[in-house]
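Residue-level listing of the chains:
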Amino acid sequence: MSGEAHLPSIGVDQARELFFAQGRDPTPWIAPHISRSWQRSRPVDHHVIDPEPMALALLSERREQAMRLLNCAQPELDGLAEHAVGNGCVVILSDASGLILEEVGSADFLPKAERIALQPGVEWSEHNRGTNAIGTALAEREALMVLGGEHYLAQNGALGCAAAPIFTGRGELAGALDISGETVRVNTHALGLVRMAAQQVEHRMMLAEAGGHVLRFHARPALIGTAREGLMVIEGGRIVAANRVALELFSRSWDGLLDLDAEAFLGANWPRMEHRRNLLTLPGGRQIAMVMERSNTQDTARTTTRHATSSPGMTTEADDIQPLLHKAVRVLNEGVSVLVNGETGSGKEVFSRRLHAASRRSAGPFVAVDCASLPETLIESELFGYEEGAFTGAKRKGMAGRIREAHGGVLFLDEIAEIPLPLQTRLLRVLEERVVTPLGGGQGVAVDFDLVCATHGHLPALVEAGRFRADLMYRVAGFTVALPPLHQRGDRHALISRLFLEAGGAAKHLRLESDALEALAAYRWPGNVRELRSTLRAVVALADVGDSVTTAMLPAHLVGAWTSPPDDATPHALPHTEPLMSITRHAIDEALKACDHDVAKAARRLDVHRSTIYRHLARQRGKPEAH
């Protein structure tokens, strides 16, 4: 057994001698994908030193661009973290270029220089690092391992890595998942874990991005609704996306399936299969179970998604908050405090967590303190901590305090206007000196953190009333973000659709009908997003699996508010709809003329998806629009 264990090492040593010393073909001694990768890696300097991570501001931009991937991969990173910690490994998520976006686990098995090389902000493409699991999995487009001396750079010879690429529904690389550790700790089990996790991420991304109709299918009906199901997305009568399970079941490649006419591929009756379990006949006559449902993602929001830069912690829909977040990130990264102002329930803490996730402090803690919920007698000890025996009932070993816990990260003070005046002076001193002294005396401790505060009140008015220190206001409000109330948000249709899915609509295969969506969007929502979430959870709880949610299933006060006409309008009137539709149709007609009726060119010219053009042409032919 021990002899067998050393055979791969002997083979790799022989291969390295052949390739690096003699310039000969190493294929007989190593796996074909390693041999191919070594050949591709020839331009890489053998003696390249481990790189420093890119600047935090630039890394934040790259994370923003990959936020859909980050959001969909987070559950898998959390799930693999237990394996990583238990085996002394790290789990890494990279983007399509091989840039590390996220790393969890422990890299203590490596020397310091190599630990730095596995941090977010370092690119592990073959072009930069030669043969390695992340870069080679992306280049080969398949899950693989690179163990010890199989790495192109000798300095990576202590590493064992298993990585799997992550694909979009159109066959484009989105990124890679990797487990890295000592060579003896990385094996086919680790490879199976990242391969399965990548499949989960792909499944989640496809559903998050889908518009139009989603087909779910599998030879085993019990697997429909799981990450092992086949998925296909149809928009405007065309197949626009499919996962790898679907390709395997249909014996097709992405090139052989995408953009096919759905009627030609699935038959003329495919639109009638919605929300009903059917048998689908595959090429060769085999039948599999399938369910078709309509996505709740709006076409307009989806079009925006494809061409807009995402923001941290957000879905990539049209988003009113995105420009505010982008500015706040830039300011916070310069060490300027940010004040988030907005009505109760408008999402101040959610915004602040997004801000932390996109900032230079994203790897550090996010420490939230709700100043309104703490009794006045406890705020001081909660914030500043205390020494042993500082007061009756104090913990035996004292407490560090929330400000010290925020060291290296972001301190979030919610409802900062509720801090008592005497403590405002002490907080100001900490913010100026960056040193916190616990109650009961003791040595002051230096702290380094960025500050985000929130309030639903108007701080200048509180300053005028003598309830808030002016100098503290200027310190915490270096940059103020005013979150709009829900009823004023232009993205509320897309937001409501997303929150409906998150509230359980996706899990129960519910469909939010347009009349219900309009009613929800028209309501004023005095409790803002918090009230909306509660309402959607109640609606989902009362619906049966597969239901179409209409206005009849909404609370009566919502429907009444929607159907009651204003003084100058009739019920259900949507002002400016027809002029906008006319402008849109004219723009599409002009683009088609300018592009000699080439749909793909017209879509690029207008910066929209081809399905938008196909629907327009279908309406012109007088055919019913395919949903």
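The sections below set out a description of the structure shown in this document. (Residues numbered from 1 in each chain as written. Predicted model: local features only at pLDDT ≥ 70, side-chain atom pairs only at ≥ 80, totals over all residues. Heavy atoms only, no water.)

## A word on the sheet that holds strand β13 (residues 410-414)
Reasoning step 1: With respect to topology, five strands assemble into an open sheet ordered β12-β13-β16-β11-β17, the strand pairing being parallel. Strand pairing shows two members of the sheet lacking a second neighbour, β12 (366-370) and β17 (479-482), which therefore form its edges. Taking the axes of each pair of neighbouring strands and ignoring which way they run, one obtains an average angle of 20 degrees across the sheet.
Reasoning step 2: Lying on the sheet, helix α13 (residues 322-332) is in contact with β11 (338-341), β13, β16 (450-455) and β17; it crosses β17 at an angle near 160 degrees. (Pairing = 2+ DSSP bridges. Helix = DSSP H or I, 4+ residues; strand = E, 2+ residues; numbered from the N terminus. Axes fitted to C-alpha atoms, helices over the stretch in contact; angles between N-to-C directions. Contact = heavy atoms within 4.5 Å.)

## With respect to the state of the cysteines
Reasoning step 1: Following the criterion strictly, the structure yields zero disulfides and no others.
Reasoning step 2: In this model cysteine 161 remains outside any disulfide bridge; the closest cysteine sulfur is found in cysteine 89, 9.4 Å from its own.
Reasoning step 3: By relative accessible area, cysteine 161 is classed as buried at 4%. (Disulfide = S-S within 2.5 Å. Buried < 20%, exposed > 50% of the residue type's maximum accessible area, 1.4 Å probe, protein only.)

## A few points about the sheet that holds strand β3 (residues 144-147)
Reasoning step 1: Judged by pairing direction, the sheet is antiparallel, and its five strands sit side by side in the order β2-β1-β5-β4-β3 without closing on themselves. Every interior strand has two partners, whereas the edge strands, β2 (100-105) and β3, have only one. Ignoring which end each strand starts from, the neighbouring axes of this sheet average 20 degrees apart.
Reasoning step 2: Pairing geometry for strand β4 (residues 159-167) and strand β5 (residues 173-182), over nine bridges, is antiparallel. Paired with alanine 162 across the bridge in β5 is isoleucine 179.

## Some details on the pairing of β16
Side-chain positions along a regular strand alternate between the two faces of the sheet.
Reasoning step 1: Taking burial as the measure, the six residues of β16 include six buried ones, the bulk of the element.
Reasoning step 2: Residues Asp450, Val452 and Ala454 point to one face of β16 and Leu451, Cys453 and Thr455 to the other, with burial holding for every one of them.
Reasoning step 3: Bridge count for β11 against β16 is four bridges, and the pairing is parallel. Across the sheet, valine 340 pairs through a bridge with alanine 454, a residue of β16.
Reasoning step 4: Looking at chain direction, β13 and β16 are connected through five bridges and run parallel. Pairing of valine 410 across the sheet is with aspartate 450, part of β16.

## So, the packing of helix α4 (residues 67-86) against helix α8 (residues 188-209)
Reasoning step 1: At a minimum axis separation of 9 Å, α4 and α8 run at an interaxial angle of 150 degrees. Taken together, α4 and α8 sit at an angle that is classed as roughly antiparallel. When you trace α4 past α8, the crossing you get is right-handed. For the pair formed by α4 and α8, the contact residues are Arg68, Leu69, Cys72, Ala73, Pro75, Glu76, Leu80 and His83 on the first element and His189, Leu193, Ala197, Gln200, Val201, Arg204, Met205, Ala208 and Glu209 on the second. (Parallel < 35°, antiparallel > 145°, perpendicular 65-115°, else oblique. Left-handed = near helix turned anticlockwise from the far one by under 90°.)

## Thoughts on the nonpolar core
Reasoning step 1: Grouped together as the largest cluster of nonpolar side chains are 33 residues, with contacts concentrated most on Val91, Leu93, Ile166, Leu177, Ile179 and Val201.
Reasoning step 2: Counting only elements with at least two residues in this core, the list comes to α4, β1 (90-95), β2, β4, β5 and α8.
Reasoning step 3: For leucine 177, the contacting residues outside a window of four places in its chain are Leu77, Val91, Ile92, Leu93, Ala162, Ala163, Ala164, Ile166, Val194, Ala197, Ala198 and Val201.
Reasoning step 4: Core analysis: the second largest hydrophobic core is formed by 31 residues, Ile379, Leu413, Phe449 and Leu462 among them. (Core = buried A, V, L, I, M, F, W, Y, C linked by side-chain atoms within 4.5 Å.)

## Here's the deal with the pattern of salt bridges
Reasoning step 1: On inspection of all chains with the given rule, the structure shows 23 salt bridges.
Reasoning step 2: One salt bridge connects glutamate 349 with arginine 353, and the closest N-O pair in it is separated by 2.9 Å. Within this pair, glutamate 349 and its partner arginine 353 are both found in helix α14 (residues 348-358), separated by four residues, close to a single helical turn.
Reasoning step 3: We note a salt bridge from aspartate 450 to arginine 360, for which the minimum N-O separation is 2.9 Å. Of this pair, aspartate 450 sits in strand β16 while arginine 360 sits in the loop between α14 and β12, placing them 90 residues apart in sequence.
Reasoning step 4: By relative accessible area, which is 3% here, aspartate 450 ends up buried.
Reasoning step 5: Among the residues examined, arginine 360 registers a relative accessible area of 27% and is labelled partly exposed.
Reasoning step 6: The network of salt bridges with shared partners includes Arg36, Arg40, Glu126 and Glu140. (Salt bridge = Lys/Arg side-chain N within 4 Å of Asp/Glu carboxyl O.)

From the geometry alone we can't say anything about function, so treat these as descriptive.
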